[in-house]
Amino acid sequence: MSKLNEVPKESHNKSQWFGITTLFLIALIAYLFVTAPPPLPDSTISGTIISVNEMFKILNAENQAVRTKWTKTVSDGKKAGLKFNENWRQEGEDAGPLPALFLRETGNTLVQAPTLLRLFLGSDFPIVAANLLKGAQRKMLDEIRATKKPQFFYDESTKNYIAMFPDYAVSMGCVDCHNKHPNSSKTDWHLNDIMGATTWSFPKEFVSTEDVLKNISYLRSGFTTAYASYLKKVETFKQKPEIGAKWPDAGFFMPNLEVFAETYEKTNSNPSLVELTKLIYSEPTVNKKNDREAASF
Ligand code: HEC
């Protein structure tokens, strides 16, 4: 008797489910084909369109501010008893990344992000062979040294728009370490020399302001990710600095992730917004084309 009762109950449940599913599908089809809003326009065509060179300038200013801050942090940190070197990732090495390696960490996270933006620090006389500038970029470094200006061009071999910004020996720390390094291919660097260039590449000549914002955001998460890997390494140190609100200019301290991120956001956000606002509201888009043509070779 109970068996007989169960069968119709089950099939009743099934048909109820079938009914609900069918109703849901009909509702979904009606929504998609009748009432759904039109798809959003491609992000690449929304907003103001600007030359990729303008995006490079904004991104480089952001990166330069973080590079300067990190260089100071390394120098203050060393005075406070912290170590920074090129083997910082090795086990048992209680150290953090040098400025060039912090930049490389940031660049590596861009490769993982959904963007074709790339960042690289190179030189004609590098410590590490992989940082040797080649081809058009090598030639452009001479131009940067001669003009003391960034260079913008299209690299046919990689089909990328390139921006190269001078990397100055801003302190004796840069000069001394490079001159004394056993693998350095040049040992007579001087203060304020252009030691290399920060190279940016992107495959599009023009970008939307939304693309600029996205790339700023990927770059900033690159800074945060790079710093987070340092903090992770600190956890394994025998003698750990105090992690909190203070920077190493105050002693054996390092900022926590929030303080680190807040600091660069405070430094970078206003100048970037001012630049973007100028680009959107003051210059007509047609002028941007000439900019790129004048800069190309
Ligand atoms: C304590 C040593 C040290 C200090 C200080 C230092 N660097 Fe370096 N730098 C290195 C090392 C080591 C590398 C190679 C890192 C790598 O790619 O593995 C490097 C890489 C570079 C590169 C890429 C080309 C190359 O040589 O491999 C440039 C450009 C550069 N540094 C410029 C600077 C500037 C400018 C400063 C100062 C703001 C500076 N460095 C401070 C050690 C140092």
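Quick look at the structure, then. No experiment lies behind these values; they were computed from the predicted model shown.

Attention shifts here to helix H4 (residues 135-147). A rise of 1.5 Å per residue sets the reference length of H4, with its 13 residues, at 18 Å; its end C-alpha atoms lie 19 Å apart and thus fit the reference within 8%. Where H4 is concerned, the buried positions are Gln137, Met140 and Leu141. The buried side chains of H4 occupy one side of the element, clustering within an arc of 115° when seen end-on. In H4, the exposed positions that point more than 90 degrees away from the buried face belong to Gly135, Asp142 and Ala146. Each element contacted by the buried residues of H4 is listed here: strand S4 (118-122), strand S5 (151-155), strand S6 (160-168) and strand S7 (194-202).

Glancing now at the site of the ligand. The immediate surroundings of the ligand are formed by 25 residues, with Ala100, Pro126, Cys174, Cys177 and Gly196 found nearest. Mapped by element, the contributors of at least two residues to the shell around the ligand are helix H3 (99-112), S4, helix H5 (172-180) and S7. Here the shell around the ligand is built from residues that sort into 13 nonpolar, nine polar and three charged.

A few words on the sheet that holds S6. If you trace the four strands from one edge of the open sheet to the other, you get S4-S7-S6-S5, paired in antiparallel fashion. Of all strands in the sheet, those with a lone pairing partner are S4 and S5, marking the two edges. When strand polarity is set aside, the average angle formed by the axes of neighbouring strands in this sheet is 25°. The strands touched by H4 within the sheet are S4, S5, S6 and S7, with S5 carrying the most contacts at an inclination of about 165°.

Right, let's get into helix H7 (residues 257-281). In this model H7 runs 35 Å from its N-terminal to its C-terminal C-alpha over 25 residues, within 8% of the 36 Å that 1.5 Å per residue would give. Taking the largest bend as the criterion, H7 deviates by roughly 30°, centred on Asn268, and proline Pro271 comes between one and four positions later. Within the sequence span of H7, burial applies to Phe260, Asn268, Ser272, Leu276 and Leu279. Contact partners of the buried residues in H7: strand S1 (49-51), helix H2 (52-79), helix H6 (209-234) and strand S10 (253-255).

Among the nonpolar cores identified, the biggest contains 40 residues, and Val52, Met55, Phe56, Leu59, Ala163, Met164 and Trp200 are the most heavily contacted of them. Broken down by element, this core gets its largest block of residues, eight residues, from H2. Those residues in contact with Val52 that sit more than four places away from it in its chain are Tyr161, Phe202, Lys204, Glu205, Phe206 and Val207.

Cut-off values and rules
Residues numbered from 1 in each chain as written. Predicted model: local features only at pLDDT ≥ 70, side-chain atom pairs only at ≥ 80, totals over all residues. Helix = DSSP H or I, 4+ residues; strand = E, 2+ residues; numbered from the N terminus. Expected span 1.5 Å × (residues − 1). Buried ≥ 20, exposed ≤ 12 C-beta atoms within 10 Å, placed from the backbone. Arc of directions from axis to C-beta. Contact = placed C-beta atoms within 7 Å. Near = placed C-beta within 6 Å. Nonpolar A, V, L, I, M, F, W, Y, C, P; charged D, E, K, R; others polar. Pairing = 2+ DSSP bridges. Axes fitted to C-alpha atoms, helices over the stretch in contact; angles between N-to-C directions. Bend = angle between axes of the 7 residues up to and from the residue. Core = buried A, V, L, I, M, F, W, Y, C linked by C-beta atoms within 7 Å.

Structural measurements only, silent on function.
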